[in-house]
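One letter stands for each residue in the lines below.
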Amino acid sequence: QVQMVESGGGLVQAGGSLRLSCTTSALDLSDFAMGWFRQAPGKEREGVSCISHSGRDKYYVDSVKGRFTISRDNAKNTVYLQMDSLKPEDTAMYYCTALPRSSYDGCTSPFKYWGQGTQVTVSS
């Protein structure tokens, strides 16, 4: 199985930035599409951003477009989520997820592997 470890969460003031990282145990990360999901209290888990195995195709939920950037470094088995201009409504537990490339069809795909999450808290 693919193991995922997220890092980079923390407490930041509104307007600030954080960079989340997800390092995986995959032998070849290019075999996997990747994504970042988040879940806040009282809300369902939502796909924040997803990226195809090659990085060619990227998706962002409307609420983060222009503020968040997803990227990947397959050589390092790592995906990133750069979060700028953070808002209090971005506060959530953020989860890294992976899916074999053959099954990927955007952020609504049934992602298979999940990390433990990293907390992001944005103060007003």
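What you see is a predicted model, and the numbers here were worked out from it, not measured in a lab. (Residues numbered from 1 in each chain as written. Predicted model: local features only at pLDDT ≥ 70, side-chain atom pairs only at ≥ 80, totals over all residues. Heavy atoms only, no water.)

(A) Examining the side chain of S49 more closely. Along the chain, S49 turns up in strand β5 (residues 46-51). Among the residues examined, S49 registers a relative accessible area of 0% and is labelled buried. Leaving out residues up to four positions away in the same chain, S49 has contacts with M34, G35, W36, Y59, Y60, I70, L81 and C107. (Helix = DSSP H or I, 4+ residues; strand = E, 2+ residues; numbered from the N terminus. Buried < 20%, exposed > 50% of the residue type's maximum accessible area, 1.4 Å probe, protein only. Contact = heavy atoms within 4.5 Å.)

(B) A look at the pairing of strand β8 (residues 78-83). Counted residue by residue, β8 has five buried out of six residues, so it is predominantly covered. As judged from the six bridges shared by strand β3 (residues 18-24) and β8, these two strands associate in the antiparallel manner. Within the sheet, the bridge partner assigned to S21 lies in β8 and is Y80. As paired elements, strand β7 (residues 68-73) and β8 share six bridges and run antiparallel to each other. Looking at β8, one finds that T69 is bridged to Q82. Between β7 and β8, which pair antiparallel in sequence order, lie four residues; one of them, N77, sits at a positive phi of approximately 55°. (Pairing = 2+ DSSP bridges.)

(C) Layout of the side chain of T78. Within the fold, T78 resides in strand β8. A distance of 2.8 Å separates a polar atom in the side chain of T78 from the backbone oxygen of K76. Leaving out residues up to four positions away in the same chain, T78 has contacts with S21, C22, T23, L29, R72 and D73. (Polar contact = N/O pair within 3.5 Å; in protein donor to acceptor, adjacent residues only side chain to side chain.)

(D) Examining the pattern of salt bridges more closely. For the structure on display, the rule yields five salt bridges. For R38, the salt bridge goes to E46, with nearest N and O atoms at 2.7 Å. On the accessibility criterion, R38 (6% relative accessible area) is buried. The class for E46 is partly exposed, based on a relative accessible area of 29%. A salt bridge links K65 to D62; the shortest N-O distance between them is 3.0 Å. For the pair K65 and D62, one class covers both residues: exposed. Residues participating in the shared-partner salt-bridge network are R38, E46, R67 and D90. (Salt bridge = Lys/Arg side-chain N within 4 Å of Asp/Glu carboxyl O.)

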